[in-house]
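Working through the structure, step by step
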Amino acid sequence: MSPDTIGLALLLLGALLLVSKLVRVKWRLTQKLYLPGSIIGGGIALLLGPDVLGRLMGLLADRGIAVEFAERTAEGGLFGVDVMSVWSALPGLLISVVFAGLFLGKRLPRMREAVDLAGPNLAFGVTVASGQYVIGTLLALLVLVPFFNVPVISGALIEIGFLGGHGTAAGLGTTFEQVGWGEGQDLALGMATVGLLCGVILGIVLINWGVRRGKTVAISAQNKGSDREQAGLIERENRVPGAMMTVHPSSMDPLTLHFGLVGLAIIIGQALLWALQGLEHLLWAEAIEVMAYVPLFPLAMIGGIIVQMFIDRFDRNGIVDGQTVERIQGLSLDVLIVAAMATLSVRAIADNFATFAILALSGILWCLFAFLFLAPRIMPDFWFERGIGEFGQSMGVTATGMVLMRVVDPQVRTPAYPAFGYKQLVFEPFFGGGLVTAAAIPLMMSPLVGPWGFLAIMAVTMTMALLLGLVVLRGRRRKERTAGHKRREVLG
């Protein structure tokens, strides 16, 4: 891949984002649907990519129409194969930038605060993730294996595709080959595609429903703002600085300084990941390999926390500005979304369509039920803003959850972002590409555990997470509120 191609790919992303902003300003429907420019740009790129425009050009080439241009466009769409390959690598890189900056420039909460904040999100997330395995494994044992003659490990596809995403599905290719079902990877990639698309589409639908019904706090139907604000523009009298100049540009541009801190956090996360992979290789890699499938971004977030701990301890001049870090995160997330949507594969679903459709529909219904019924009962406050992020992740990986939270809480007025981030520290090492995801297929094929044993483990996990969210944490919050009322009565 030449440097010129990489540069062109990045410039095209910038152009797409500019076009998407113009669409948001001019097209009222996008304003009513609260569509961010990045999703609009991603949709445009998808239409002009290989799976839509490319396939259309392939049909024209077969009919002898504009053969030279059609053949050149058929494989890589309007942008070309090389540009698409650059874009396909960006989401996995940029999600680490987003997570590395989650806690930079912000006061780190005490352990008790972090537990109180992340506890409900963790209970909800584990419930949904383990429930995906329960539903998938039950369908495999009772329907898919006897009627469609597919392996029982098909029951793991919902979690691998929805929560794990394209990266996890691709990373488990060797595992699928080793158990003799290479088609499983194609289905997992197709599941990831459907999950991502449905996560965004259903998420936007739910947000619009929540706004109309008064479920949201950060945005509301009664307070939509002026026409310019709905178009994504800020009135002149309401404009405020989006970042603070904390160091003099003659020594170093403030943006450069903050980008260096984000980079340091990611390097620390990568070092931690390498250390864990090396430890696994020394101790148990021959029996089962897990850390090889754990993504970088949760460890990059730990790296950001480590950097912030040093900042809190040694930065006497207050040179780290949280708003500048947010601008870096915002740029990364916008580019990530466009690149991810542009490189979606809608060709991954070919054979075993019935198996795929049953699993996909069941997974979608489970995620919708969890959001609409469980989230209001598990989340203590701001349940919509917190739950929509979990819903997005449960269907379309972490980036989708971040996108939906950005739509429903654009100014970070609720605790949705930090609660989501702290929960990831415990959640990601196990689900969505972590320990459980990597071990699911080997465990289901193991004579010691088997599919029924794995089903029992996931059912117990789901039950414990539900009890934690609906009984333990909820009961503790009631006691704290009661104690607070009594203290106010004594004082008053």
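The shown structure was predicted, so the numbers you read here are calculated from the model rather than taken from an experiment. (Residues numbered from 1 in each chain as written. Predicted model: local features only at pLDDT ≥ 70, side-chain atom pairs only at ≥ 80, totals over all residues. Heavy atoms only, no water.)

1. Side note on the environment of G165
Inspection of the secondary structure assignment puts G165 in helix α8 (residues 157-171). The buried category is assigned to G165, whose relative accessible area is 2%. (Helix = DSSP H or I, 4+ residues; strand = E, 2+ residues; numbered from the N terminus. Buried < 20%, exposed > 50% of the residue type's maximum accessible area, 1.4 Å probe, protein only.)

2. Let's talk about the packing of helix α10 (residues 183-212) against helix α15 (residues 353-378)
One can describe the packing of α10 onto α15 by two numbers: an axis separation of 11 Å at closest approach and a directional angle of 35°. With respect to the hand of their crossing, α10 and α15 are arranged in right-handed fashion. Contacts between α10 and α15 involve L187, G190, M191, V194, C198, L202, L206 and W209 on the former and, on the latter, F356, L359, A360, I364, L368, F371 and L372. Along the lines of polarity and charge, the residues of the contact of α10 with α15 split into 14 nonpolar, one polar and no charged. (Axes fitted to C-alpha atoms, helices over the stretch in contact; angles between N-to-C directions. Left-handed = near helix turned anticlockwise from the far one by under 90°. Contact = heavy atoms within 4.5 Å. Nonpolar A, V, L, I, M, F, W, Y, C, P; charged D, E, K, R; others polar.)

3. Details of helix α7 (residues 111-148)
The largest bend in α7 is about 50°, located at A140. After α7 finishes, the residue N149 shows a positive phi value of roughly 55°. (Bend = angle between axes of the 7 residues up to and from the residue.)

4. Digging into the packing of helix α6 (residues 81-100) against helix α12 (residues 254-283)
Relative to each other, α6 and α12 sit at 110°, their axes nearing to 9 Å. Relative to α12, the element α6 is oriented roughly perpendicular. Across the interface between the two elements, S96, V97 and A100 of α6 pack against V262, A265 and I266 of α12. Considered class by class, the residues forming the contact of α6 with α12 number five nonpolar, one polar and no charged. (Parallel < 35°, antiparallel > 145°, perpendicular 65-115°, else oblique.)

5. Topic: the packing of aromatic side chains
In this structure the tally under the stated criterion is 12 aromatic pairs. Measuring from ring centre to ring centre gives 6.0 Å for F310 and F314, while their planes differ by 25°; the resulting arrangement is stacked. With F310 and F314 both in helix α13 (residues 297-314) and four residues apart, the pair spans about one turn of that helix. Residue F310 shares its accessibility class with F314, and that shared class is exposed. One aromatic cluster in this structure is built from W209, F371, W383, F384 and F391. When the ring centre of F373 is taken as origin, the NZ or CZ atom of R377, which lies over that ring, is 4.0 Å away. Across from the ring centre of F427, 4.1 Å away, lies the NZ or CZ of K423, which sits over that ring. (Phe/Tyr/Trp six-rings, centres within 6.5 Å; stacked < 30°, edge-to-face > 60°. Lys NZ or Arg CZ within 6 Å of the ring centre and 35° of its normal.)

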